[in-house]
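# Residue-level structural notes
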Amino acid sequence: MTLSRAWHGALALVATANLLLQLVLTATASDDTLGVRLVRLVSFFTVQSNVLVIVAAATLALDPVRDGRWWRVLRLDALVCITVTGAVYLVVLRPLVEHDGWASTLTDSVFHYVVPAATLVGWLAFGPRLRIDGRAVAASLGFPLLWLAYTLARGAVVHEYPYPFVDVDELGYGQVLLNCVGVAVLFIALALGAWGLERVLPRRADAASAASAP
């Protein structure tokens, strides 16, 4: 087993275990119905970003030199979305969060600290390199745009939003769209930064992985 396989396999397992723990916490809560609680949970960008990481990390655990047109988009979305998740949480959301017990604190920490950091370190250390291009960057914008469209449409119906900066009822569409432009600029900057950075990072991790891959 290569170090890349071990890293990504451990990341997928930790993120999956944390998601399952959060599902248990959600299922055993007492507010609203189970269906409402589950829809609310999966509507969080944080949760969706962690799911992207789980899928991307699991595929890399199976094949450290994985490639493919749509896989490149998946990998880039996982990397950038989870980085945005961690950054926005630290800068905007952390002061607003109140934990309810050790389990809530644990899941929150893994979602927003452990998984983003491990994903970034894994990409820097193991690649695989040269998987980002202009088409992947452009296609990667589809996921956050779909999330925003879903969030605004759902919010217009149930008057509930996953984050304060997209709460149309409180801020209005103008301010919400302005906030989203700021996040979009961060997303694009990170995607372009990853595209440029992977071309100057060492490629020896790829070579080692390819040499030991079955």
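The structure displayed is predicted, hence computed values, not measured ones. For every chain, the first residue of its written sequence is number 1, and the numbers climb from 1 along that sequence. Where totals are concerned, whole chains, interfaces and linings use all residues; where local detail is concerned, this predicted model gives features only for residues with pLDDT of at least 70, and gives and counts side-chain atom pairs only at 80 or more. Only heavy atoms go into the side-chain values, all of them from the structure, while hydrogens and water stay out.

What follows covers unusual backbone geometry. Cis rather than trans, the peptide bond between G127 and P128 has omega equal to 0 degrees. The backbone of L130 sits at a positive phi, close to 55 degrees, despite the residue not being glycine. Strands are runs of DSSP state E lasting at least two residues, helices are runs of H or I lasting at least four, and both sets are numbered from the N terminus onward. Looking at where L130 falls in the secondary structure, it is placed in the loop between α5 (102–126) and α6 (134–140). Residue exposure (1.4 Å probe, protein chains only): buried if accessible area is under 20% of the type maximum, exposed if over 50%, otherwise partly exposed. You can call L130 partly exposed: its relative accessible area is 31%. The residue H159 is not glycine, and still its phi comes out positive at about 55 degrees. Within the element layout of this structure, H159 appears in the loop between α7 (142–158) and α8 (168–197).

As a further point, take the side chain of E198. Relative to the helices and strands, E198 is located in the loop between α8 and α9 (204–212). Using a relative accessible area of 1% as the deciding quantity, one classes E198 as buried. In this structure the side chain of E198 is engaged in a polar contact, spanning 3.0 Å, whose partner is the side chain of R199. Whether two residues touch is decided by their heavy atoms; if any such pair falls within 4.5 Å, the residues are in contact. Setting aside residues up to four positions removed in sequence, E198 forms contacts with W123, P128, R129, L130, R131 and I132. What qualifies as a polar contact is a pair of N or O atoms within 3.5 Å, subject to a donor-acceptor requirement within protein and to the restriction that residues adjacent in sequence count only when both atoms come from side chains.

Now for helix α2 (residues 34–42). The α-helix advances 3.6 residues per turn, and as a result positions three or four apart in sequence lie on the same side. Along α2, the residues that are buried comprise R37, R40 and L41. Seen end-on, α2 carries its buried residues on one side only, within an arc spanning 100 degrees. On its buried face, α2 is in contact with α1 (3–27), α3 (45–62) and α7. Working definition: the arc comes from the directions between the helix axis and the C-beta atoms, pointing outward to the latter.

Looking now at the environment of G196. Relative to the elements of secondary structure, G196 occurs in helix α8. Residues G196 and D133, 63 residues apart in the sequence, show an inter-C-alpha distance of 9.3 Å.

Turning our attention to the confidence of the model for the protein. Caution applies to low-pLDDT regions: their predicted coordinates should not be interpreted in detail. For the protein, per-residue confidence averages 92 on the pLDDT scale, and residues scoring 70 or more make up 94% of the total. A score between 0 and 100, pLDDT records how confident the predictor is in each residue. Predicted confidence for residues 207–214 stays below pLDDT 50, and this span has eight contacts to residues more than four positions away or in other chains.

Now for the packing of α1 against α3. Orientation of α1 relative to α3, taken along the N-to-C sense of each, is 145 degrees, at an axis distance of 8 Å. In this structure, α1 meets α3 at a crossing whose hand is left-handed. Residue-level inspection shows R5, H8, G9, L11, A12, A15, T16 and L19 of α1 in contact with α3, the latter providing V47, V51, V53, I54, A57, A58, L60, A61 and L62. Residue type decides the class: Asp, Glu, Lys and Arg count as charged, Ala, Val, Leu, Ile, Met, Phe, Trp, Tyr, Cys and Pro as nonpolar, and the leftover types, Gly among them, as polar. Here the contact of α1 with α3 is composed, by residue class, of 13 nonpolar, three polar and one charged. Helix axes use the C-alpha atoms of the stretch in contact, all axes being lines fitted to C-alpha atoms, and the angles between their N-to-C directions lie in the range 0 to 180 degrees. A crossing counts as left-handed when the near helix is turned anticlockwise from the far one by less than a right angle, and as right-handed when that turn is clockwise.

So, on to the packing of aromatic side chains. Two aromatic rings, drawn from Phe, Tyr or Trp (for Trp, its six-membered ring), form a pair once their centres lie within 6.5 Å of each other, and the interplanar angle then sorts them: stacked below 30 degrees, edge-to-face above 60, tilted otherwise. Across all of its chains, the model carries seven aromatic pairs by this definition. With centroids separated by 5.5 Å and ring planes inclined at 75 degrees, the aromatic side chains of F44 and Y163 adopt a geometry described as edge-to-face. In this pair, F44 is assigned in the loop between α2 and α3 and Y163 in the loop between α7 and α8, connecting sequence segments 119 residues apart. You can call F44 partly exposed: its relative accessible area is 26%. With a centroid separation of 6.1 Å and an interplanar angle of 50 degrees, the aromatic rings of W147 and Y163 are classed as tilted. Residue W147 is located in helix α7, and its partner Y163 is located in the loop between α7 and α8; the two are separated by 16 residues in the primary sequence. Take W147: its relative accessible area is 9%, and that puts it in the buried class. Owing to a relative accessible area of 8%, Y163 belongs among the buried residues under this scheme.

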